[in-house]
Amino acid sequence: MREVTIIGAGMVPFGKFPDRSLADLAWPAAKAAIEDAGIDPRKVQAAYCGSVFGGMMSGQRVLARVGVTGIPIINVENACSSSSSALSQAVMAVRAGAYDMVLVVGVEKLTKFGGGTLPLEKEDWEVAQGQVMPALYAMRAKRYMHDFGLTDRQLALVSVKNRANGALNPDAQMRKAVSVEEVLASRPIADPFTLLQCCPTGDGAAALVVCEAGLARQYRPDPVRVLASDLASGRYTPGFRDMTIPEITVRGAREAFEEAGVGPQDIDVAELHDAFSIAELLYYEAFGFCARGEASALLESGATAINGTIAVNPSGGLLAKGHPIGATGAAQVVEIVRQLRGECGKRQVEGARVGLTHATGGGIAGFDHGACCIHIFAR
Amino acid sequence: MPIAADETETGEKLLANLLSPGAVDRDEVGKWRLIGGCCARCETRMFPRAPICPSCSADHVVAEPMSQEGVLYSFTTVHVSPPQWHKPMRVGYVDLSNGVRVFSHLKGALEIGATVRLDIGEVGSSSNGEPLANFVFVAEQT
Ligand SMILES: [Zn+2]
C-alpha cells in the first residue's frame, strides 16, 4: 500500500454568510489549498466533496469556479463526518494507486435554515418523536454527571478553554474568550447546556490536497504524513446502551491507533468533535487520554490546554471555531496540518509531531452516532 | 398534567391527533400500553415494531405489548426544538424490563433511576393549532 500525505490546506474563516452561495463560500478554500500545495490545478486527478445540506452536485458547483472539472468528482454525505469521510475516500484511492493527487473539499451553509437546532431527518423514529441534537448530548451529560459527579461548573470549563483558543484563531467564528460565569449565565438550551456550551450555527468551507508520498516533495518540503484513516459506522441496537461511552469513537480510536502504530500517549495535538461541552470530556476517555471518570480532572490539570501534554482543540474546536457540519472534518485537518508545520502563531502547540482529528455525528435512533471518522497525522 | 384518555372532549381530541397511533393501544382494563416487536427467530425485542428483524433480518417479527412502566435512564429539559413541540420540552430514555429503550416525552418529578409509568398526553400542537398527543412516561411525585 502506498504512503499518503497532505500537501495543501486551506479554509475560509467560519461565520455567518447568508448572502453567499455555496459555491462562493467554498471556492476560496479550494483555491487556497491548491496554492498552499503549490500545484497547478490541472494536476488534480479526482475530487471528493463533503456536504450535508449542500444539495445536488455540491462538488461540481464549487470546483467549476477553480478550473478543476472533467475529473471524477464524488459528493459525500455522512452527517458531521462528511468531509472527513471524503478524506478517507481520497486516502484510500491514493493508497490503492488509483490517483496520485486528489482534492478534498468540505462545505456547509447552515444560515439558510435561519437558526434553531440542526434539521434532522424526519423519517427517523426518534426525530419524529421530538429528538434534537442538543437533547441527545444533554442526556449523555446528565447521565455522566449522575454517574461520575461532574458539576455544571466543571462542564462549563470545556467552553472556557475552547473559547480562549478560538480567540487566538483568525478563522474561528467565535473570537471572544468567556468566563465560567458567562458560560453558566448564558441562556438555557437543553439542561445542563447553556448557549455557550453548544456549537454555533454557521457557514464555512475547508479544503485539502492529498498527494502520494513519493511525489509530495516535488511540491512542498514539509508534507504531512497520513498514519491512519479510519471510518466507522455506529452499531444499531434497540436495547440499552451506556451513553457515557461513545462506542463508535472507542472502536474507531482503537482501529486508528492500531493502524498508525501509535497510542494515545503519542498524540501531541488533537481536534476532537466538541459539538457540545460534554462531548470533549467523553472523547478524552474514549481516546484513552485519561481513564473513565477522569475527564474533568484531565481538563482542570491543564493537560489539554495549548501548552499541555496533549493539546485538544487549539483551533477553538466546534464550540468556538464553529461547526458548519460538512466542512468540519476538513477544517480539523487544516488545523492539524498547520500545527504540524508550525504555522499557528499564538495558538501553536510547540513541537507538535503527531496530531489527530475526530469527526463523528448523525443523530439517528438506535445508534450512538451514525458515523465516525478519525485520522492520525505526523510530520 | 397527563390527560387520561377518557370521555372528555379534550381526551377525544387528543386521541384523534395521536402522533404514533400504531405504536400504542389499550389493555383489557383500558390502560395504555406500547406495542413493540419480538423477532420470532432470534428474540431481539424492539420498539417500535419493525417490519423485519434489525438484528438477523428474519421476516417474522411478532407484535408484543410491552411493560407499562420503566426506569428513567437519562433525561433533559429542552428549550429549543422545532415549533410543533411544547417548550420547555422534557424528553428522555426509558428502559423497559424486556431490554428495550424507548425515547419519550416525560412528565412529573424526574430523576435518573425513577420509575416512570405510561400515559397519553399533549406534547405539542400542529401548525393549524390542533393538539398533538403522544405516549408520555410519567414520574410519580416524590
Ligand atoms: Zn432476529
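Let me sum up the structure you'll find in this document. Small disclaimer: the values here were computed from a predicted structure and weren't measured. Each chain has its residues counted from 1, following the order in which its sequence is written. Each chain gets a letter, beginning with A, and each ligand a number, beginning with 1, in the order they are written. Given that this is a predicted model, residues contribute local features only at a pLDDT of at least 70 and side-chain atom pairs are listed and counted only at 80 or more, while totals for whole chains, interfaces and linings are drawn from all residues. Side-chain measures here rest on the full set of heavy atoms in the structure, leaving out hydrogens and waters.

A run of H or I in DSSP counts as a helix once it spans at least four residues, and a run of E counts as a strand once it spans at least two, with each numbered from the N terminus. Of regular secondary structure, chain A possesses 13 helices and 12 strands. In terms of its C-alpha atoms, chain A occupies a principal-axis envelope of roughly 55 × 40 × 40 Å. Three exposure classes are used, based on accessible area relative to the maximum for each residue type with a 1.4 Å probe and protein chains only: buried under 20%, partly exposed in between, and exposed over 50%. When burial is assessed residue by residue, chain A has 64% of its 379 residues classed as buried. In what follows, residue pairs with any heavy atoms lying within 4.5 Å of each other are defined as contacts. Within chain A, contacts between residues separated by at least 24 positions form 78% of all contacts whose residues are at least 6 apart in sequence. Shrake-Rupley sampling with a 1.4 Å probe provides the accessible areas, and residues are treated as covered by the protein chains on show and by no other component. About 13000 Å² of surface is accessible on chain A, with carbon and sulfur atoms providing 53% of the total. The charged-residue count follows a simple rule in which Lys and Arg add positive charge and Asp and Glu add negative charge, with His and chain termini not counted at all. A charged residue contributes its charge at one atom only: NZ of Lys, CZ of Arg, CG of Asp or CD of Glu. Charged side chains in chain A number 36 positive and 40 negative. The centres of these two groups are separated by 5 Å.

Here the focus is the sheet that holds strand β1 (residues 4–11) of chain A. Within a sheet, neighbouring strands are paired by backbone hydrogen bonds and run either parallel or antiparallel to one another. All names here are of chain A. Two strands pair if DSSP finds at least two bridges between them. Strand order in the open sheet made by the 10 strands is β3-β2-β4-β7-β1-β8-β12-β11-β9-β10, with mixed pairing throughout. Each having just a single partner strand, β3 (73–76) and β10 (311–312) make up the two edges of the open sheet. The pairing of strand β8 (residues 224–233) with strand β12 (residues 371–378) spans eight bridges and is classified as antiparallel. Directly across from Arg-225, in β12, lies its bridge partner Ala-378.

Attention now goes to the packing of helix α6 (residues 152–166) of chain A against helix α10 (residues 277–286) of chain A. Residue and element names in this part refer to chain A. Direction vectors running N to C along α6 and α10 enclose 95°, while the axes themselves pass 8 Å from each other. In terms of their interaxial angle, α6 and α10 are classed as roughly perpendicular. Contact residues: Leu-155, Val-158, Ser-159, Lys-161 and Asn-162 in α6; Ser-277, Ile-278, Glu-280, Leu-281 and Tyr-284 in α10. Side-chain classes are defined by residue name, with Ala, Val, Leu, Ile, Met, Phe, Trp, Tyr, Cys and Pro counting as nonpolar, Asp, Glu, Lys and Arg as charged, and the others, Gly among them, as polar. Of the residues in the contact of α6 with α10, the class split is five nonpolar, three polar and two charged. Every axis corresponds to a line fitted to the C-alpha atoms, with the helix fit spanning only the stretch in contact, and the corresponding angles, defined between N-to-C directions, vary from 0 to 180 degrees. Each angle is binned into one of four classes, with values under 35 degrees roughly parallel, values over 145 roughly antiparallel, values of 65 to 115 roughly perpendicular, and all other values oblique.

The next point concerns the nonpolar core. Residue and element names in this part refer to chain A. Core analysis: the largest hydrophobic core is formed by 70 residues, its most contacted members being Ile-267, Ile-278, Tyr-284 and Ile-376. Take this core: its biggest share by element is nine residues, from helix α5 (residues 133–148). Beyond its immediate stretch of four places on either side in the chain, Ile-267 contacts Phe-257, Val-262, Phe-289, Thr-309, Ile-310, Val-354, Leu-356 and Ile-376. Ranked by size, the runner-up nonpolar core spans 36 residues in total, among them Val-91, Val-269, Ala-311 and Ala-330. Definition of nonpolar core: a set of buried residues of the types Ala, Val, Leu, Ile, Met, Phe, Trp, Tyr and Cys, connected through side-chain atoms within 4.5 Å.

The next point concerns the coordination of the zinc ion. Residue and element names in this part refer to chain B. Cys-39 (SG), Cys-42 (SG), Cys-53 (SG) and Cys-56 (SG) make up the full set of protein donors to the zinc ion, lying at 2.3 Å. Because no water is among the atoms considered, metal sites can look incomplete, with donors defined as N, O and S atoms within 2.8 Å of the metal, or 3.2 Å for Na, K and Ca. The rule is simple: four donors are tetrahedral if all their angles sit between 85 and 135 degrees, four are square planar and six octahedral if opposite donors span more than 155 degrees and the others lie between 65 and 115, and anything that fits none of that is irregular. Classification of the site at the zinc ion as tetrahedral follows from its four donor atoms and the range of 105 to 115° in their angles at the metal. If you list the donors of the zinc ion from N- to C-terminus, the spacing comes out as C-x2-C-x10-C-x2-C. One end of the pair, Cys-42, is in the loop between β2 (32–39) and β3 (45–46); the other, Cys-56, is in the loop between β3 and β4 (61–65), and 14 residues separate them in sequence. Note on Cys-42: relative accessible area 35%, which makes it partly exposed.

Turning next to a positive patch on the surface. Residue and element names in this part refer to chain A. Two distance rules govern patches: like charges are joined within 9 Å, and nonpolar side chains (Val, Leu, Ile, Met, Phe, Trp, Tyr) within 5 Å, applied only to residues with over 30% relative accessible area and no salt bridge. Think of a salt bridge as a Lys or Arg side-chain nitrogen and an Asp or Glu carboxyl oxygen that are within 4 Å of each other. Where like charges cluster on the molecular surface, the positive patch consists of Arg-217, Arg-225, Arg-353 and Arg-379. Its place among the elements puts Arg-217 in the loop between α8 (213–216) and β8. Judged by its relative accessible area of 60%, Arg-217 is exposed.

The description of an aromatic ring pair uses the distance of the two centres, along with the angle that the planes make with each other. Aromatic rings from Phe, Tyr and Trp, taking only the six-membered ring of Trp, are treated as a pair when their centres fall within 6.5 Å; an angle between ring planes under 30 degrees marks them as stacked, one over 60 as edge-to-face, and anything in between as tilted. The final tally for this structure, using the stated rule, is 10 aromatic pairs over all chains. Plain terms: the ring middles of Phe-257 of chain A and Phe-287 of chain A are 6.3 Å apart, the flat faces sit at 80° to each other, and that makes the pair edge-to-face. Residue Phe-257 of chain A is located in helix α9 (residues 247–260), and its partner Phe-287 of chain A is located in the loop between α10 and α11 (295–300); the two are separated by 30 residues in the primary sequence. Judged on exposure class, the residue Phe-257 of chain A and its partner Phe-287 of chain A are both buried. An aromatic cluster is defined as three or more aromatic residues linked by ring pairs; in this entry it consists of Trp-125 of chain A together with Phe-47 and Phe-135 of chain B. Only Lys NZ and Arg CZ are tested; either one counts as a charge over a ring when it is within 6 Å of the ring centre and within 35 degrees of the ring normal. Positioned over the ring face of Tyr-137 of chain A is Arg-140 of chain A, at 4.7 Å from the centre of the ring.

All right, on to the environment of Pro-238 of chain A then. Among the secondary structure elements, Pro-238 of chain A is positioned in the loop between β8 and α9. The spatial distance from the C-alpha of Pro-238 of chain A to the C-alpha of Ala-138 of chain A is 20 Å, given a sequence separation of 100 residues. Those residues in contact with Pro-238 of chain A that sit more than four places away from it in its chain are Thr-44, Arg-45, Met-46, Gly-99, Val-100 and Arg-101 of chain B.

It is worth spelling out the pairing of β1 of chain A at this point. Residue and element names in this part refer to chain A. Counting buried positions along β1 gives eight out of eight residues, so the element sits mostly inside the fold. As defined by bridge partners, β1 adjoins strand β7 (residues 203–212) across seven bridges and the pair is classed as antiparallel. Bridging across to β7, Val-4 finds its partner in Glu-212.

A few words on the interface of chain B and chain A. On the side of chain A, 30 residues touch chain B, which itself brings 35 residues to the contact. Once two parts are put together, the accessible area they lose, assessed with a 1.4 Å probe and summed over both, is termed the buried area. Carbon and sulfur atoms make up 64% of the surface buried where chain B meets chain A, a total of about 2600 Å² over both sides. Applying the counting criterion to the chain B and chain A interface returns zero salt bridges. Polar contacts, as counted here, are pairs of nitrogen or oxygen atoms within 3.5 Å of one another; within protein the pair requires one atom able to donate a hydrogen and one able to accept it, and residues that are adjacent in sequence qualify only if both atoms are side-chain atoms. Between chain B and chain A we count 14 residue pairs in polar contact (both at pLDDT 80 or more) in total. Residue contributions to the side of chain B that touches chain A peak at seven residues, all from strand β5 (residues 69–78) of chain B. Tallied by class, the residues present in the side of chain B that touches chain A amount to 21 nonpolar, 11 polar and three charged.

Moving on, we get to the packing of helix α3 (residues 82–96) of chain A against helix α13 (residues 325–341) of chain A. Residues and elements named next belong to chain A. Where α3 contacts α13, the axes come no closer than 5 Å and their chain directions differ by 60°. By the angle between their directions, the pair α3 and α13 is classed as oblique. Taking contact as the criterion, the partners of Ser-82, Ser-83, Ser-84 and Leu-87 in α3 are, on α13, Gly-326, Ala-327, Thr-328, Gly-329, Ala-330 and Val-333. Taken together, the residues that form the contact of α3 with α13 break down as four nonpolar, six polar and no charged.

Without other data, these values stay purely geometric and don't point to any function.
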